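Listed below are the residues making up each chain.
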Amino acid sequence: MPLFSSPSSKCFWITLIVFSLSYYLLIAKSTTFPTSPPPPKLCNKNPYKQLNLVLNKNGSFRRGSMPPESPPAPDPNLPTKVLSKDLPINKSKGTWARIYLPRETLDQNSKLPLLVFFHGGGFIFLSASSTIFHEFCFNMANDVVAVVASIEYRLAPEHRLPAAYEDAVEALHWIKTNQEEDDWLRYYADLSNVFLVGSSAGGNIAYNAGLRLVATGSRYDLGIPKIQGLILIQPYFGGTQMTGSEMRLANEPHLSLCNNYALWELSLPVGADRDHEYCNPTVGDGPKKIEMIRRLGWRVLVTGCGGDPLVDRQMELVKVMEMKGVKVVGHFTAGDYHGVQDTDTFKAKQLYEVVKNFISSRY
């Protein structure tokens, strides 16, 4: 029988078709379909302007607005859970360490693990006295129950890499040689149970300083503490080939692609690209150097999150380490952003628990 066999049926089918088309158009208009990420914003070709750096007459740079800083609190009579004090390392370089000691340790005889911490800031910004890192180390010492030595290192572009790595290695020698001179290090820090810890650029410093140390092999007679491993918190690495997460999160406000490229351009040795060994640990001799970490038996913790443009590089580093037989633990969470632990106290507290469990484990 024909579809429109009668005037009434013809009217019914036309009405049904019109209604269906209207409903489809309404749904299509109100539904959000997956789209490609927006293209990266245009970067300022001058990296100094991109990062708001102004050259001073003496060759140093003025870094825009200064973030707040916090003083140490060494007085045991103060109502604080963690004591802290500053000790000079190399006055000619302006390097020093801020030591954090849980108050409860004063009443105990046992020594605590020593966490040697390197702050973030893209190698160019911030300080060990910056409030965000002071509070991070304060809370890490309290929650992990460890002595923390936060290292002030020289910044780029005045002092390009490897200056920060050199300062890190010098700080480790300083800790060993000054243990007997400082009561906190002498009585409360276990120099046979040391971890190099860093967030963002500090994670890169911990990693590359560690590589400089493992290059000496298993010789621990060189005046450095006995290092047990590395704790790399959203470590800052890069490369000339963009990763999926870098393309997807190119305009992420906490670490945009433009700022990322400018930071590397002003931190790496002049003329080096982002496949330099300081930046990309998975190219060139990088995998061979990772084998040295395995031979020393160091354990490695790498943390990251899905909202960080660098997460793909961090996960790739974990894979390479696993392939090389390194005792590595990768801890990656969904969402969040680069540096979330510096501003979100709840996320930081979760991180401290991960760090504490890693240190106490023997994996």
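Structure shown above.
A brief report on the enclosed structure follows. (Residues numbered from 1 in each chain as written. Predicted model: local features only at pLDDT ≥ 70, side-chain atom pairs only at ≥ 80, totals over all residues. Heavy atoms only, no water.)

1. A few points about the packing of aromatic side chains
What the rule picks out here adds up to eleven aromatic pairs. Ring centres of Y48 and F61 lie 5.2 Å apart, and the angle between their planes is 10 degrees; this geometry places the pair in the stacked category. Taken together, the residues span a long stretch of sequence, with Y48 in helix α2 (residues 47–50) and F61 in strand β2 (residues 61–63) at a distance of 13 residues. The exposure class assigned to Y48 is partly exposed, which follows from its relative accessible area of 26%. Plain terms: the ring middles of F117 and F133 are 6.4 Å apart, the flat faces sit at 50 degrees to each other, and that makes the pair tilted. Here F117 is found in strand β5 (residues 112–118), whereas its partner F133 is found in helix α3 (residues 131–144), with 16 residues between them in sequence. Assigned by exposure class, F117 and F133 land together as buried. The cationic tip of K85 hangs over the ring face of W184; the distance from NZ or CZ to the ring centre is 4.3 Å. When the ring centre of Y261 is taken as reference, the NZ or CZ atom of R274 above it lies at 3.7 Å. (Phe/Tyr/Trp six-rings, centres within 6.5 Å; stacked < 30°, edge-to-face > 60°. Helix = DSSP H or I, 4+ residues; strand = E, 2+ residues; numbered from the N terminus. Buried < 20%, exposed > 50% of the residue type's maximum accessible area, 1.4 Å probe, protein only. Lys NZ or Arg CZ within 6 Å of the ring centre and 35° of its normal.)

2. Quick look at the side chain of Q179
Topologically, Q179 is positioned in the loop between α4 (163–178) and α5 (183–188). Owing to a relative accessible area of 13%, Q179 belongs among the buried residues under this scheme. Those residues in contact with Q179, other than ones at most four positions away along the chain, are K111, L185, R186, A189 and L191. (Contact = heavy atoms within 4.5 Å.)

3. Comments concerning the layout of surface pockets
The probe, sized like a water molecule, is rolled over the atoms to show the empty space still left. Put simply, the largest pocket is a space of about 470 Å³. Around the largest pocket sit 22 residues that line it, and G121, L126, H254, L255 and H338 are the ones nearest its centre. Secondary-structure elements contributing two or more residues to the lining of the largest pocket are α3, α8 (257–267) and α11 (340–343). Of the residues assigned to the lining of the largest pocket, the class counts are ten nonpolar, eleven polar and one charged. If you add up the space inside the second largest pocket, you get close to 380 Å³. As for the second largest pocket, its lining consists of 17 residues, and the residues nearest its centre are S65, M66, P67, F125 and L126. Taken together, the residues that form the lining of the second largest pocket break down as eight nonpolar, six polar and three charged. (1 Å grid on protein atoms, 1.4 Å probe; cavity = no way out; pocket = protein on both sides within 12 Å on 5 of 7 lines; lining within 4 Å. Points joined across faces, edges and corners; volume = space filled by probe spheres on them. Nonpolar A, V, L, I, M, F, W, Y, C, P; charged D, E, K, R; others polar.)

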